[in-house]
Amino acid sequence: MRHFLKSRRFVGFLVFILVLGGCATYYQQNHQLQKYIVSGNLQKADQLLNQDTRSREGRNKLLYYLNHGYVEWMLNRYQVSNQYFLEADRIIEDYLRNYGLEALALLTNPKVKPYRPEDFEAVMLHYYTALNFIQLNDYEDALVECRRINLRLQQLNDQYADHKNRYQRDAFAHNLMGMIYEAAGDYNNAFIAYRNALNVYEEDYQKYFSVEAPEQLKHDILRTAYMTGFQDEVRYYEKKFNTTYNHQPHEHGEVIFFWLNGFGPIKDEWSIHFTKIPSPREGYVIMRNEELDISFPLYIGNKSEDEKNAFAQLRFFRVAFPKYVERKPVYQQATLQMKNNRVQLEKAQDINEIAFKTLHDRMLREMSNALLRIATKKALEFAADQENENLGTLLNIVNTLTEQADTRNWQTLPYSIHYARVPLEEGKNVIRLRTQSPRHGNKTEAYTFQGQKDKIYFATKHTTASYAPRIR
């Protein structure tokens with residue numbers, strides 16, 4: 001450490017990390033992109049992304065590909081969209097820890113590292129690729145993407161020794177898989193997928209994310225069980241759902257309509273203070289926050305004498321962490337109407353809630369990393385002060401300025417996903433999506449479908465209107 005402090009490039013290093021320590025959050029840095037998307041100016045959003053060569057090659061390149069895939073999806077350029085999403089998937093698969101950046105992050109903040117997605121973000125790109133494949137009438141590849149959702153979740157959760165994440169299975173992935181199987185005429189696998197979806201809704205989603213199994217899913221289970229000839233299952237679910245199934249075939253096909261509402265949360269920063277207290281275990285120091293009643297032991301037995309002395313000087317310090325800030329959607333509910341038939345769209349996925357719970361579940365791991373970062377900074381600060389008092393003071397200023405949380409996240413994801421199914425009639429069908437807001441009134445959009453025997457259409461609408469987040 002002392003050799004590093006004596007380096008003539010040390011001052012240049014301090015300037016470099018001060019530049020990295022800019023105070024603007026990722027949301028503030030990308031406000032123009034969000035503005036174009038919300039206003040519906042998707043061509044401008046696409047141009048802005050095409051000109052952003054820095055993000056395409058830099059530490060935010062994963063977010064660049066995710067955002068670009070989303071914009072192309074909104075523009076109905078499904079093949080191009082999937083090219084971006086598949087590249088994002090490759091980045092996630094091939095992500096290797098850059099130990100140089102890991103070390104630099106301990107001296108500055110996590111923003112210097114290539115962005116690693118939250119678990120639900122790594123999953124959501126498979127939703128979009130599946131939706132793209134559906135629009136391209138490629139049901140086989142759409143099913144592959146649905147299967148990969150739960151495989152990816154298993155892969156991600158296997159990385160955590162405690163396995164305490166609440167988001168371990170995805171109900172809507174199974175639900176979507178059932179819809180695709182059914183559109184392909186495979187009622188047996190559709191029934192299995194719907195049944196799996198129901199289990200996850202009942203066992204995980206209702207308890208952790210306050211999302212109950214949609215009524216439409218119950219009808220789909222009964223219908224596919226009937227179509228497969230599983231009479232015992234029909235009777236079982238009739239009893240479970242307290243209903244009697246009356247099979248009514250949709251002779252002219254139907255529409256499955258997905259309504260993506262609003263935008264998911266953004267990340268901001270918050271901080272807490274820790275105090276060092278004595279540890280009964282040799283080789284450890286304990287960092288404690290009385291207000292939150294949390295303590296973290298840090299092992300320093302393998303540190304150099306200089307670093308141990310630095311840890312001995314630790315008394316009281318601030319640590320920055322990421323937090324989510326909700327963006328409430330303008331429209332609260334929606335219905336589909338065709339002639340006299342009105343259907344309420346039901347919530348199937350609450351991405352906002354999953355985001356908050358996912359971050360909460362990894363917060364203890366986040367705190368441990370943050371404390372190690374602060375301790376390393378203080379150790380370097382102490383060593384610098386031993387060499388030169390002015391240098392130690394300068395490093396203290398740098399450490400204070402660069403103690404920031406990573407506020408990056410995929411900010412074009414929806415707040416929630418609702419869906420409904422509407423049977424079609426022979427010939428031309430006009431279906432109206434009516435979104436409702438208590439403050440901004442109602443909005444109606446019309447969609448046209450041609451009735452066709454055994455045909456299942458998939459349609460998607462993202463209503464991007466959201467209230468501005470309350471950030472510092």
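Procedures and definitions
For every chain, the first residue of the written sequence is number 1, and numbering continues from 1 along that sequence. Predicted model: local features are reported for residues with pLDDT of at least 70 only, side-chain atom pairs are reported and counted for 80 or more only, and whole-chain, interface and lining totals are derived from all residues. Just so you know, side-chain values use all the structure's heavy atoms and leave hydrogens and water out. Put simply, DSSP marks the helices as runs of H or I at least four residues long and the strands as runs of E at least two long, and each gets a number from the N terminus on. Contact criterion: two residues are considered in contact whenever any of their non-hydrogen atoms come within 4.5 Å of each other. Only buried residues count toward a nonpolar core, which is a set of Ala, Val, Leu, Ile, Met, Phe, Trp, Tyr and Cys residues joined through side-chain atoms within 4.5 Å. Burial status follows relative accessibility: with a 1.4 Å probe on protein chains alone, a residue under 20% of its type maximum counts as buried, one over 50% as exposed, and anything between as partly exposed. Every residue carries a pLDDT, the predictor's confidence in it, which falls somewhere between 0 and 100. In this analysis an axis means a line fitted to C-alpha atoms, helices contributing only their contacting stretch, and an angle means the value between N-to-C directions, from 0 to 180 degrees. Orientation categories follow fixed angle ranges, with anything under 35 degrees roughly parallel, anything over 145 roughly antiparallel, 65 to 115 roughly perpendicular, and all other angles oblique. When residues are grouped by polarity, Ala, Val, Leu, Ile, Met, Phe, Trp, Tyr, Cys and Pro land in nonpolar, Asp, Glu, Lys and Arg in charged, and all others, Gly among them, in polar. Within this scheme a cavity is a closed region of a 1 Å grid, computed over the protein atoms alone, that accommodates a 1.4 Å probe without allowing it to escape, whereas a pocket is open but has protein on both sides within 12 Å along at least five of seven lines; lining residues each have an atom within 4 Å of a point. Grid points are joined across faces, edges and corners, and a volume is the space filled by probe spheres set on the points. Strand pairing is assigned whenever DSSP identifies at least 2 bridges connecting the two strands.

(A) Spatial organisation of the environment of Met363. As for its position among the elements, Met363 is in helix α18 (residues 363–387). Residues Met363 and Phe321 lie 42 residues apart in sequence; the distance between their C-alpha atoms is 8.6 Å. The residues touching Met363, leaving out its near neighbours within four places in the chain, are Phe321 and Pro322.

(B) The arrangement of the nonpolar core in detail. Core analysis: the biggest nonpolar cluster contains 101 residues, and Tyr201 and Phe258 have the highest contact counts within it. If you tally residues by element for this core, the top one is helix α10 (residues 119–135), at eleven residues. The residues contacting Phe258, other than those within four sequence positions of it, are Leu131, Phe172, Leu176, Met179, His418, Tyr419, Phe458, Ala459, Thr460 and Lys461. One finds Trp259, Leu345, Ala420 and Phe449 within the second-largest nonpolar core, a separate group that totals 19 residues.

(C) Local environment of the confidence of the model for the protein. Mean pLDDT over the protein stands at 85; residues scoring 70 or higher make up 81%. Here residues 1–8 is a poorly scored stretch, pLDDT under 50, and it has 17 contacts once near neighbours within four places are set aside; other chains count. Below a pLDDT of 50 lies the segment residues 96–101, which in the model reaches five contacts outside its immediate sequence neighbourhood of four places, other chains included.

(D) Layout of the packing of α10 against helix α12 (residues 171–183). Packing of α10 against α12 brings their axes to within 12 Å, and their N-to-C directions diverge by 10°. Taken as axis vectors, α10 and α12 run roughly parallel relative to one another. Across from Tyr127, Ala130 and Ile134 in α10, the residues of α12 making contact are Phe172, Ala173, Leu176 and Ile180. Counted by class, the contact of α10 with α12 contains seven nonpolar, no polar and no charged residues.

(E) Representation of empty space enclosed by the protein in the model. One pass over the full model with this rule turns up four cavities of 30 Å³ or more. The space that makes up the largest cavity amounts to roughly 80 Å³. In this structure, the largest cavity is lined by Met124, Tyr127, Tyr128, Leu131, Phe172, Leu176, Phe258, Leu260, Pro414 and Ile417. Here the lining of the largest cavity gets four residues from one element, more than from any other, and that element is α10.

(F) Main features of the sheet that holds strand β12 (residues 456–463). Here four strands make up an open sheet; going across it, the order is β8-β9-β1-β12 and the pairing mixed. Looking at the sheet topology across the chains shown, the edges are occupied by β8 (346–349) and β12. Averaged over all pairs of adjacent strands, the angle between their axes in this sheet comes to 30°, without regard to strand direction. As judged from the three bridges shared by β8 and strand β9 (residues 416–423), these two strands associate in the antiparallel manner. Bridging from a neighbouring strand, Lys347 pairs with His418 of β9.

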